[in-house]
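Each chain, letter by letter, is given below.
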Amino acid sequence: MFESMRKTSSGILAVILLTTGMTAHAQRRATRNSDWQVGPILQRIETNAYAFRNSLSSSLDQSRRNGARREENINEFVSDFEDATAWFRERYDGRQAVAADAQGLIDCASPIDNFMRRRRLDARTRRDWGDLRLDLDQLARYYKVSWRSGAWINSRRAGQAGCREASEGRLSSRSSAQ
């Protein structure tokens, strides 16, 4: 009887070890797939963000509101978004990017999206934002996060770090870690 219990225990232990090993292998394989899928999206986000910044700058320079406070705000939002994109790229390259990082990037894009919905800018700027927005939508779907239109504004009202403060904190922690 003791011998049969030992054989049964050994069999159960072997099944557990095999199952654990297979799960770890599947997770590693899923990570490689995610790298393959997210990499091109992130590259397009970086490329389209650069194109959007240029077309927005040109459009604002030609507008009646050149130098107005709202123009300063949108330029700050775009700069914050670029910082958040650089942070996400660093996390992604280090194989550390998680849904919270993607949500942070989407949240930093939210005030730009709000600006673009409210302002009538030229066709090129609208097209460049549309291209960037599609890539951000794809990243959001991949990480299962969503656009929260008031996320940045609500965090500021609650006294939490906004996009600028959060990106500065990420950047300072990045430079101190190096």
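The written sequence of each chain sets the order in which its residues are numbered from 1. For this predicted model, a pLDDT threshold of at least 70 governs which residues receive local features, and a threshold of 80 or more governs which side-chain atom pairs are given and counted, while totals over whole chains, interfaces and linings are taken from all residues. Side-chain descriptors were evaluated using all non-hydrogen atoms of the structure, hydrogens and water having been removed beforehand.

This part covers the overall build of the protein chain. Helix and strand assignments follow DSSP, with helices taken as H or I runs no shorter than four residues and strands as E runs no shorter than two, numbered in order from the N terminus. When helices and strands are tallied, the protein chain shows six helices and zero strands. Of the regular secondary structure in the protein chain, the N- to C-terminal order runs α-α-α-α-α-α. Burial here depends on accessible area, computed with a 1.4 Å probe over protein chains only, as a share of the maximum for the residue type. Under 20% is buried, over 50% is exposed, and the range in between is partly exposed. Out of the 178 residues in the protein chain, the part that is buried amounts to 36%. In this description, accessible areas are obtained by the Shrake-Rupley approach with a 1.4 Å probe, and a residue is regarded as covered only by the protein chains that are shown. Surface exposure of the protein chain reaches about 11,100 Å², of which carbon and sulfur atoms provide 53%.

Soluble, globular proteins show a tendency: their nonpolar side chains are buried together. Formed by 32 residues in total, the largest nonpolar core has its most connected members in Phe-81, Phe-88, Ile-112, Leu-136 and Leu-139. Contributing elements (two or more residues each) for this core: α1 (2-62), α2 (69-93), α3 (99-118) and α4 (123-143). Not counting chain neighbours up to four residues away, the residues in contact with Ile-112 comprise Phe-52, Ile-74, Phe-77, Val-78, Phe-81 and Trp-129. Note on terminology: a nonpolar core comprises buried Ala, Val, Leu, Ile, Met, Phe, Trp, Tyr and Cys residues joined through side-chain atoms within 4.5 Å. The criterion used for residue contact is that any of the two residues' heavy atoms lie within 4.5 Å.

Attention now goes to the packing of α3 against α4. Close contact between α3 and α4 brings their axes to 10 Å; oriented N to C, the two are set at 155 degrees. Relative to α4, the element α3 is oriented roughly antiparallel. Once α3 is placed against α4, the crossing between them reads as left-handed. Contact residues: α3 offers Ala-99, Ala-102, Leu-105, Ile-106, Ala-109, Ile-112, Asp-113, Met-116 and Arg-117, while α4 offers Thr-125, Arg-126, Trp-129, Arg-133, Leu-136, Leu-139, Ala-140 and Tyr-143. Side-chain classes follow a simple rule in which Ala, Val, Leu, Ile, Met, Phe, Trp, Tyr, Cys and Pro form the nonpolar group, Asp, Glu, Lys and Arg form the charged group, and the remainder, Gly included, forms the polar group. Partitioned by chemical class, the residues of the contact of α3 with α4 number 12 nonpolar, one polar and four charged. To obtain an axis, a line is fitted to C-alpha atoms, over the contacting stretch when the element is a helix, and the angle between two such axes runs from 0 to 180 degrees between their N-to-C directions. Any angle from 65 to 115 degrees is called roughly perpendicular, while one under 35 is roughly parallel, one over 145 is roughly antiparallel, and all others are oblique. In a left-handed crossing the near helix is turned counterclockwise from the far helix by less than a right angle, and in a right-handed crossing that turn is clockwise.

The next subject is α4. The span one expects for a helix is its residue count, reduced by one, times 1.5 Å. With 21 residues, α4 should reach 30 Å at 1.5 Å per residue; the first-to-last C-alpha distance of 30 Å fits that figure. All of the buried residues in α4 are Thr-125, Asp-128, Trp-129, Leu-132, Arg-133, Asp-135, Leu-136, Asp-137, Leu-139, Ala-140 and Tyr-143. After α4 finishes, the residue Lys-144 shows a positive phi value of roughly 60 degrees.

Each residue carries a pLDDT value, the predictor's own confidence for that position, ranging from 0 to 100. Of all residues in the protein chain, 63% have pLDDT values of 70 or greater, and the mean over the chain is 78. Across the protein chain, the secondary-structure element scoring lowest on mean pLDDT is helix α5 (residues 151-157), at 48, and the one scoring highest is α4, at 97. Between residues 23-33, whose pLDDT stays under 50, and residues either more than four places distant or in other chains, the model counts one contact. Across residues 154-160 the pLDDT falls below 50, and counting only partners more than four positions away or on other chains, this stretch makes five contacts in the model.

This brings us to α3. The end-to-end C-alpha distance of α3, which contains 20 residues, comes to 28 Å, matching closely the 28 Å that a straight helix rising 1.5 Å per residue would cover. Two axes enter the bend calculation: one fitted to the seven residues ending at the residue in question, the other to the seven starting there, and the bend is the angle between them. At Ser-110, α3 shows its maximal bend, which comes to roughly 30 degrees, and the proline Pro-111 appears one to four places after that position.

Pairing between side chains of opposite charge can happen when their charged atoms approach one another. We define a salt bridge as a contact between a side-chain nitrogen of Lys or Arg and a carboxyl oxygen of Asp or Glu at a distance within 4 Å. Inspection of every chain in the model, using the stated rule, returns 10 salt bridges. Measuring nitrogen to oxygen at the nearest pair gives 3.2 Å for the salt bridge that ties Arg-89 to Asp-93. A residue pair is termed a helical-turn pair when its members lie 3 or 4 positions apart in one helix, as Arg-89 and Asp-93 do in helix α2 at four residues. Using a relative accessible area of 19% as the deciding quantity, one classes Arg-89 as buried. The exposure class assigned to Asp-93 is exposed, which follows from its relative accessible area of 52%. Its salt-bridge partner being Asp-107, residue Arg-148 comes within 2.3 Å of it at the nearest N-O pair. Of the two residues, Arg-148 sits in the loop between α4 and α5 while Asp-107 sits in helix α3, which places them 41 residues apart along the sequence.

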